[in-house]
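One letter stands for each residue in the lines below.
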Amino acid sequence: MDWLTIVLLLILALLALYEVHLRLLLSNRAAKQFPGPRRLPVLGNALALLFNDQVSTFKLPRRWAQRYKESYRLVIRGGFVINAIRARETEALLSSTKLIDKSILYTFLYPFMGKGLLTSTGPKWFHRRKILTAAFHFNILPKFLVTFQEECDKLLRKLDADVKAGNTTTLQSVAARFTLNTICETAMGVKLDSMSMADEYRAKIQEVIKLLLLRVMNPWLVEEFPYRLLGFRRRLMKVLKPIHAFTRSIIKQRRDLFHANVKNVDDFSEENIYVNTNQRYALLDTLLASEAKNQIDEEGIREEVDTFMFEGHDTTASAFTFIFLVIANHQEAQRQLVEEIETMIAGRSNPTEPLSMHDYGELKFMDRVIKECLRLYPPVPFISRAVLEDAQLGDRFIPKDSMANVHIFDLHRDPEQFPDPERFDPDRFLPENVEKRNPYAYVPFSAGPRNCIGQRFAMLELKAILTAVLREFRVLPVTKREDVVFVADMVLRSRDPIVVKFERR
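Predicted, not measured: the structure shown is a model, and the values here were computed from it.

### With respect to helix α5 (residues 122-133)
Since one α-helical turn is 3.6 residues long, residues separated by three or four positions face the same way.
Okay, step 1: Across its twelve residues, α5 extends 17 Å between first and last C-alpha, which sits within 8% of the 16 Å expected from 1.5 Å per residue.
Okay, step 2: Within the span of α5, buried status applies to Gly122, Trp125, Arg128, Arg129, Ile131 and Leu132.
Okay, step 3: Among the structural elements, α11 (283-292) and α12 (298-329) are those in contact with the buried residues of α5.

### Points about the nonpolar core
Okay, step 1: Counting residues in each nonpolar core, the largest one holds 147 residues, and the members touching the most others are Met309, Phe320, Phe324, Ile465, Val469 and Phe502.
Okay, step 2: Counting residues per element, this core draws most heavily on α12, which supplies 15 residues.
Okay, step 3: Every residue in contact with isoleucine 465, bar those within four places of it in the chain, is listed here: Cys152, Leu155, Phe178, Phe320 and Phe324.
Okay, step 4: Formed by eight residues, the second largest nonpolar core is a distinct cluster that contains Trp64, Ala65, Val81 and Ile85.

### Topic: the sheet that holds strand β11 (residues 499-504)
Okay, step 1: Taken together, the three strands give an open sheet; going across it, the order is β3-β11-β8, and neighbouring strands pair in antiparallel fashion. Lying at the two open borders of the sheet, with one neighbouring strand each, are β3 (169-170) and β8 (473-477).
Okay, step 2: Strands β8 and β11 of the sheet are contacted by helix α18 (residues 455-472), whose axis makes an angle of about 95° with β8.

### Overview of the pattern of salt bridges
Okay, step 1: Tallied over the entire structure, the rule returns 42 salt bridges.
Okay, step 2: Of the charged contacts, one joins glutamate 89 and arginine 396 as a salt bridge, the two residues approaching to 2.7 Å between their closest N and O atoms. Within this pair, whereas glutamate 89 is found in helix α3 (residues 87-94), its partner arginine 396 is found in strand β6 (residues 396-398), the two being separated by 307 residues in sequence.
Okay, step 3: Take glutamate 89: its relative accessible area is 2%, and that puts it in the buried class.
Okay, step 4: The exposure class of arginine 396 is buried, given its relative accessible area of 9%.

### Some details on the pairing of strand β1 (residues 72-76)
Okay, step 1: The element β1 is largely enclosed, with a buried count of four among its five residues.
Okay, step 2: Pairing geometry for β1 and strand β2 (residues 79-84), over five bridges, is antiparallel. Bridge pairing in β2 places arginine 73 opposite isoleucine 82.
Okay, step 3: Hairpin connection between β1 and β2: a loop of two residues separates the two successive antiparallel strands, and arginine 77 in this loop has a positive phi of roughly 50°.

### Some remarks on the UniProt feature "binding site: heme" (unreviewed entry) in the protein chain
Okay, step 1: What UniProt calls "binding site: heme" (unreviewed entry) maps, in this numbering, to Cys452.
Okay, step 2: Within the secondary structure, cysteine 452 sits in the loop between α17 (431-434) and α18.

### Things to note about the sheet that holds strand β4 (residues 382-387)
Okay, step 1: Ordered in space as β1-β2-β7-β4, the four strands form an open sheet in which the pairing is mixed. One side of each edge strand has no neighbouring strand; the edge strands of this open sheet are β1 and β4. Sheet twist, expressed as the mean angle between neighbouring strand axes with direction ignored, is 20°.
Okay, step 2: Here β4 runs beside strand β7 (residues 402-407); their pairing, made up of six bridges, is antiparallel. Considered in β7, the bridge of alanine 386 is made with methionine 403.
Okay, step 3: On top of the sheet, helix α2 (residues 54-68) reaches β1 and β7; it is set at about 130° to β1, its chief contact.
Okay, step 4: On top of the sheet, α3 reaches β2, β4 and β7; it is set at about 120° to β7, its chief contact.

Basis of the calculations
- Residues numbered from 1 in each chain as written.
- Predicted model: local features only at pLDDT ≥ 70, side-chain atom pairs only at ≥ 80, totals over all residues.
- Heavy atoms only, no water.
- Helix = DSSP H or I, 4+ residues; strand = E, 2+ residues; numbered from the N terminus.
- Expected span 1.5 Å × (residues − 1).
- Buried < 20%, exposed > 50% of the residue type's maximum accessible area, 1.4 Å probe, protein only.
- Contact = heavy atoms within 4.5 Å.
- Core = buried A, V, L, I, M, F, W, Y, C linked by side-chain atoms within 4.5 Å.
- Pairing = 2+ DSSP bridges.
- Axes fitted to C-alpha atoms, helices over the stretch in contact; angles between N-to-C directions.
- Salt bridge = Lys/Arg side-chain N within 4 Å of Asp/Glu carboxyl O.
- UniProt positions renumbered as here; feature names shortened; annotations may be inferred.

Put into structure tokens, the structure is as follows:
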């Protein structure tokens, strides 16, 4: 090695050290603006995040939220992390048209769903969002409602079997089967229960979630080298292989059907497709039309289908579980729900016809109950963004290369916005009360440019479930709200099964 090479290496090393030093200076400058736990030299707050299990990992941010009572900071390996738990910082983050990049945590999802709507950014994200917005237009929802109601009929038969056997019902397993069936049919146009690999597919999805969570929970697996070296990457790809094969096979089948029915893709619209056939519209059809117009390729379609399969079933299953936990433990609210449903049905011109979008829209108290349940138990309790340029949160500086987290679970418990926050009170969502709050104090579907594209879909599905079940059954508590122990996971989840008992009305 000659002297010139040595000099160049020294210069590079000094530049790297200077960059680290500058990053520490900026992080320390930002850290002085926010409260937060005591930092150690070099390590910052990294030790606090080590050696925690799923329960303690969930509890740690809750303790910090209670201690500081405002948005707080961490410094980890020289990097600044802002944890937003109040509406002021949440609004600055989520309303920004620049701070839309997801943090490094979302890169762990790349092997599963690639860079789809959840994980992509920049022009690709804008393009995909534009394509898929039409698929969730209000006029499209009635096409999905038939599927929801059919799956509700299957759910009622399952609950009836539990009642006849005198059994209690574990909500998580029932909810996961229901929501995976509905998202599979509405996203891909396939009845999962009718396929031989249905149970295998469900099991593989759960295994993927466990492997992704393992990486999030273990800081030494964040870097790609140890993750590969210890064999976790190989395990994940082995599990993903049949999932991706299943998705691709469905896309191929649906593509053939799509082109048999749609002769001119320029005339395609989500509203008129299949009007003269018995075939139902699926979200995949919108992607296939875009493919025919060279707006997306086959791998892009696979990314989006896997994204919707993942996001659309696990989050709604979490909401399903906690909504029934709440109404089982609040019998007066359940009584009012039943009364509202009966009043709505009695006022219909033809009570025997299936319920319509308009009918569900009449259930105003149910709407408030669901929103209050999502406040207390947000299915996605945490979202994370990368700060790729120097930014301001209000009057406070956030340096480039920081991480910005919104702890939705704690945000929804801000006592200034929601007095007595642990109390279940659907009247918090009366119009006159909503008007008094910062709109970014309540974000179960995120907010701003990257809000959840499927929130109306999810709300309609939850209303269909509640209406169908409460017309037939009374829900009684077994698990108490205060006994639930939460764990860190991709969605809000409890350590132990959540159990209720159904009785025929």
